[in-house]
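# Analysis of the macromolecular model
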Amino acid sequence: MKALVLKRYGKSDQLAFADIPKPTIKPNEMLVQIYAAGLNPVDNKIPTGNYKPVLHFQLPATMGSDLAGLVTEVGSQVTRFKPGDAVFASIFDLGTGSLAEFAVVPESAAALKPINLDFVQAASIPMVGLTSWQALKERANIQPGQKVFIPAGSGGIGTFAIQLAKHFGAKVGTTTSTSNLALVRSLGADEVVDYKKQEFETVLHDYDMVLGTIEGDTIEKSIDILKPGSRIVSLVGPLDAAFARVKRLNLVFKLVFGLMSRKIKRLAKKRDISYSFLFVRPDGAQLSEIGKLLEAEQIKPVIDKVFAFEQAKDALAYLAQGRAKGKVVIKIV
């Protein structure tokens, strides 16, 4: 089968199309013919090698993690799916990839594709949906009436997280550029700061949670808008010792990650604010719940551009520019 493969880590271009054997499945897995694959910023970070210590990657490796397609084969222990089922899933950090004609998907990672979405729309959802769910519901337990700050509201994670936070009854603040003000408001954002004209930390006040989506000093600045007892859940780092424990990394990594997050944790603690780093995990049960919201049209996919499979490297380069309004998706079939 055809796949986009990472040959080796490094700054130079190490991605190439290759013909590789079609994968074989274990009893608890399915073989899925991929119709579309969603891209995420981490897809551009993996080739640098920065995530090498914490990801289950064996090179050469097929890139990508989000997919939607048709089940073609099921293992002997699979009970919830059958050949011909349309599914969507994240296979992030499972040792395999979605930028290929076929992928192995554990039964536990998959959910039935929402009937009102096509494959491209469905493929745009898994990582941003699961990340938002795990941050807002699991980690922060957002309650109706609470205030959530989701910077970069027009991006892939922002466009989904704003809608999910509104579904949970939260009031949402965000930042975006002038040209995207109408978009984020249409998704439900209550307080919108044009970052080209204002500093968000001088405008927003009394928030209960910050979803860290932007690298740099945004997370430190966001401490100023939070109430005592509130939370910062960061998707972009710094990594912390708790993450090292979850990943079962050795003592050296626990110490290193603890040092990396020491400053933000110290600043947060002064204000009685908790900080944690979140690394999304595949979860078919959560994806099923997200699918129900999509079928009920309480949340809608936001897609910026769709690229053909042979344009996958161009799509990654486009995503790396950081200007996408919503998701970038590869159409494979």
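What you see is a predicted model; the values in this text were computed from it and never measured.

Now for the packing of helix α3 (residues 126-139) against helix α4 (residues 156-167). Where α3 meets α4, the closest approach of the two axes is 9 Å, and the angle between their N-to-C directions is 50°. When the interaxial angle is binned, α3 and α4 end up oblique. Seen from above, α3 lies across α4 with right-handed handedness. Contact residues: V128, G129, T131, S132, W133 and L136 in α3; G156, I157, F160, A161, L164 and A165 in α4. Of the residues belonging to the contact of α3 with α4, the class tally is eight nonpolar, four polar and no charged.

Here we take up α4. The end-to-end C-alpha separation of α4 is 18 Å, in line with the 16 Å expected for twelve residues at 1.5 Å each. Counting buried residues in α4 gives ten out of twelve residues, a clear majority hidden from the surface. Those residues of α4 that fall on the buried side of the exposure criterion are G156, I157, G158, T159, F160, A161, I162, Q163, L164 and A165. In this fold, the buried residues of α4 make contact with α3, β10 (171-176), α5 (181-186), β12 (207-212), α11 (284-295) and β16 (327-331). Looking one or two residues beyond α4, the residue adopting positive phi is G169, at roughly 90°.

All right, on to the sheet that holds strand β1 (residues 2-6) then. Reading across the sheet, the three strands line up as β2-β1-β4 and stay open at both edges, with antiparallel pairing between neighbours. Taken across any chain shown, the strands that pair with only one partner, and hence form the sheet edges, are β2 (15-19) and β4 (61-62). Pairing of β1 with β2, which is carried by five bridges, proceeds in the antiparallel orientation. Residue A3 lies in a different strand from β2, and its bridge partner there is A18.

On to the sheet that holds strand β11 (residues 191-194), then. On the basis of which strands lie adjacent, the open sheet formed by six strands has the order β11-β10-β9-β12-β13-β14 and parallel pairing. The sheet is open, and its two edges are formed by β11 and β14 (274-277), each paired on a single side. In this sheet, neighbouring strand axes are inclined to one another by 15° on average, regardless of whether the strands run parallel or antiparallel. Judged from the two bridges that link them, strand β9 (residues 147-149) and β12 form a sheet pairing that is parallel.

So, on to unusual backbone geometry. For the peptide bond that leads from L59 to P60, omega is -5°, which places it in the cis range. Following the sequence through the fold, P60 ends up in the loop between α1 (42-45) and β4. With an omega of 5°, the peptide bond running from G237 to P238 counts as cis. Within the fold, P238 resides in the loop between β13 (226-234) and α8 (241-246). Its identity is not glycine, yet R248 carries a phi of approximately 55°, on the positive side. Looking at the secondary structure, you find R248 in the loop between α8 and α9 (251-260). Even without being glycine, E297 reaches a positive phi, approximately 60°. Position of E297 relative to the elements: it lies in the loop between α11 and β15 (303-308). On the basis of relative accessible area, E297 is assigned to the exposed category, the value being 51%.

The subject of this paragraph is a nonpolar patch on the surface. A surface patch of nonpolar side chains, amounting to about 250 Å² of accessible area, comprises V252, V256 and M260. Checked against the element boundaries, M260 lands in helix α9.

Another point: the nonpolar core. By size, the foremost hydrophobic cluster in this structure holds 111 residues, and its most contacted members are V105, M209 and I330. Membership of the second largest hydrophobic core comes to seven residues, among which are A3, A100, F102 and V104.

Let us look at the packing of aromatic side chains. Within the structure shown, the criterion is met by 13 aromatic pairs. Consider the rings of F17 and F309, whose centres lie 5.3 Å apart with planes at 90°: the pair is edge-to-face. Of this pair, F17 sits in strand β2 while F309 sits in the loop between β15 and α12 (312-320), placing them 292 residues apart in sequence. A relative accessible area of 6% places F309 in the buried class. Look at F92 and F279: their rings are 5.3 Å apart centre to centre, the planes differ by 65°, and that puts the pair in the edge-to-face class. One end of the pair, F92, is in the loop between β6 (86-90) and β7 (102-106); the other, F279, is in the loop between β14 and α11, and 187 residues separate them in sequence. Classification of F279 by relative accessible area gives buried; the value is 16%. Among the aromatic residues, those joined into a cluster by ring pairs are Y51, F92, F243, F253, F257, F277 and F279. The ring of F309 is capped by K2, whose NZ or CZ atom sits 5.4 Å from the centre of that ring. The side chain of K305 reaches across the aromatic face of Y318, ending 4.5 Å from its centre.

Cut-offs used in this document
- Residues numbered from 1 in each chain as written.
- Predicted model: local features only at pLDDT ≥ 70, side-chain atom pairs only at ≥ 80, totals over all residues.
- Heavy atoms only, no water.
- Axes fitted to C-alpha atoms, helices over the stretch in contact; angles between N-to-C directions.
- Helix = DSSP H or I, 4+ residues; strand = E, 2+ residues; numbered from the N terminus.
- Parallel < 35°, antiparallel > 145°, perpendicular 65-115°, else oblique.
- Left-handed = near helix turned anticlockwise from the far one by under 90°.
- Contact = heavy atoms within 4.5 Å.
- Nonpolar A, V, L, I, M, F, W, Y, C, P; charged D, E, K, R; others polar.
- Expected span 1.5 Å × (residues − 1).
- Buried < 20%, exposed > 50% of the residue type's maximum accessible area, 1.4 Å probe, protein only.
- Pairing = 2+ DSSP bridges.
- Patch = residues over 30% accessible without salt bridge, like charges linked within 9 Å, V, L, I, M, F, W, Y side chains within 5 Å.
- Areas by Shrake-Rupley, 256 points an atom, 1.4 Å probe, with all protein chains shown as cover.
- Salt bridge = Lys/Arg side-chain N within 4 Å of Asp/Glu carboxyl O.
- Core = buried A, V, L, I, M, F, W, Y, C linked by side-chain atoms within 4.5 Å.
- Phe/Tyr/Trp six-rings, centres within 6.5 Å; stacked < 30°, edge-to-face > 60°.
- Lys NZ or Arg CZ within 6 Å of the ring centre and 35° of its normal.

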